[in-house]
Amino acid sequence: TTKTLEAIYNNLKCPIFIWAVDMFPITGGCFYFRNCKQFMESCKQCPLIPSKKEKKLIHNNFEIKRNVYQNIDYRIFGNTWMCNHFNKSPLLNKNKIQRGILPINEKSFSNQTLEQSRKQLGLSGDHFIMFAGAQGIKYATKGFNYLVAAVNTFFRNITDKEKQNIIILIAGNDTDADIQRFFDCRVIPLGFVASDKLPVVYSASDVFLSSSIEDAGPTMVNQALMTGTPVVAFEVGVALDIVINDQTGYIAEYKNHTDFAFGINEIYNKNKDERKKMMQCCRTIAMENYSLKAFAHSIAKAYDNHQVKKQ
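Residues numbered from 1 in each chain as written. Predicted model: local features only at pLDDT ≥ 70, side-chain atom pairs only at ≥ 80, totals over all residues. Heavy atoms only, no water.

Colleague: Explanation requested: the sheet that holds strand β3 (residues 97-99) in the structure shown.
Modeller: Each strand in a sheet pairs with another by means of backbone hydrogen bonds, the pair being arranged parallel or else antiparallel. Spatial strand order, β1-β2-β3: three strands in an open sheet with parallel pairing. Bordering the open sheet on either side are β1 (16-19) and β3, each of which pairs with just one other strand. Across the sheet, the axes of successive neighbouring strands diverge by a mean angle of 30 degrees, strand direction being ignored. Pairing between β1 and strand β2 (residues 74-78): four bridges, direction parallel. Bridge assignment links Trp-19 to a residue of β2, and that residue is Phe-77. (Pairing = 2+ DSSP bridges. Helix = DSSP H or I, 4+ residues; strand = E, 2+ residues; numbered from the N terminus. Axes fitted to C-alpha atoms, helices over the stretch in contact; angles between N-to-C directions.)

Structure follows, in structure tokens:
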């Protein structure tokens, strides 16, 4: 909690680096704010809370954060999407906001070959395999409706013969056999996939589809690229920093499922050598930006900069 940060600072008297995983650091309680702009107005009139008494509690939470941030020495890190929101917050000192990407262990999320991974999953090496997933794939913020619309739009633009060679793997707590009814292609519901099994699923896939419409990550984008799997995503979250058209995948116009479908098609139409080159590019950019070594370097650099400013 914010009060925990204060207690740590009062005890150790050292700078605290806050690596944010959502938008909680700048709200009165929400992890995401959908279309709400109250985080820019001290969360005085929370639209989700009906009673005046509870609205006041939310505002009080906000003011506690303001007081703590004013009394501790900190830096707060986030990707470009997050930092854009941080800069709109009256809570944070603009000079203490810094761009950073959460790390992925490159040894755990290694880029084993597509053939090896598919063999482990019992899948054919000849299929074009798409992968989509989230802890709750049908949560509103994960953009499930946009995913369905994009995949089905992509399918309307290919031949019946091509359709027979395409599979979409879907992971999440809320996936079951019934999920097939949403898609015009063959679906394999994976259910919940443990983190140690995820690398194999990424590596077995030709593309990871991230349809999130409000997300600080998702971390699955980072994970996919680290395994060498290109990503199609909307222009939200970490995708703004690491999904690069024709290099690591395709970044689609926000909530534009037709553009998202175009991105899928762009990767589908690449030949074997072009896909291999893109996979290598994914791994390279991931290693440069958020491997454990890159993460450690960013921390050290931030600390050095902090010390210089203090002097």
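Back to the write-up after that little detour.
Colleague: I keep staring at the side chain of Asp-22 and nothing clicks. Help me out?
Modeller: Looking at the element boundaries, Asp-22 is found in the loop between β1 and α2 (52-71). With no salt bridge to any partner, buried Asp-22 finds its closest opposite charge in Lys-65, at an N-O distance of 7.8 Å. A distance of 3.0 Å separates a polar atom in the side chain of Asp-22 from the backbone nitrogen of Phe-24. In this structure, Asp-22 is in contact with Phe-31, Tyr-32, Met-82 and Ala-216, ignoring residues within four places of it in sequence. (Buried < 20%, exposed > 50% of the residue type's maximum accessible area, 1.4 Å probe, protein only. Lys, Arg positive; Asp, Glu negative; His and termini not counted. Salt bridge = Lys/Arg side-chain N within 4 Å of Asp/Glu carboxyl O. Polar contact = N/O pair within 3.5 Å; in protein donor to acceptor, adjacent residues only side chain to side chain. Contact = heavy atoms within 4.5 Å.)

Colleague: Looking at this model, I keep getting lost on the packing of helix α1 (residues 2-12) against α2. Mind explaining?
Modeller: The axes of two packed helices give the description: the angle between them and the distance between them. Where α1 meets α2, the closest approach of the two axes is 9 Å, and the angle between their N-to-C directions is 20 degrees. With respect to each other, α1 and α2 are oriented roughly parallel. With respect to the hand of their crossing, α1 and α2 are arranged in left-handed fashion. Where α1 approaches α2, its residues Thr-2, Lys-3, Glu-6 and Tyr-9 are matched on the opposing element by Ile-64, Lys-65, Asn-67, Val-68 and Asn-71. Grouping the constituent residues of the contact of α1 with α2 by class yields three nonpolar, three polar and three charged. (Parallel < 35°, antiparallel > 145°, perpendicular 65-115°, else oblique. Left-handed = near helix turned anticlockwise from the far one by under 90°. Nonpolar A, V, L, I, M, F, W, Y, C, P; charged D, E, K, R; others polar.)

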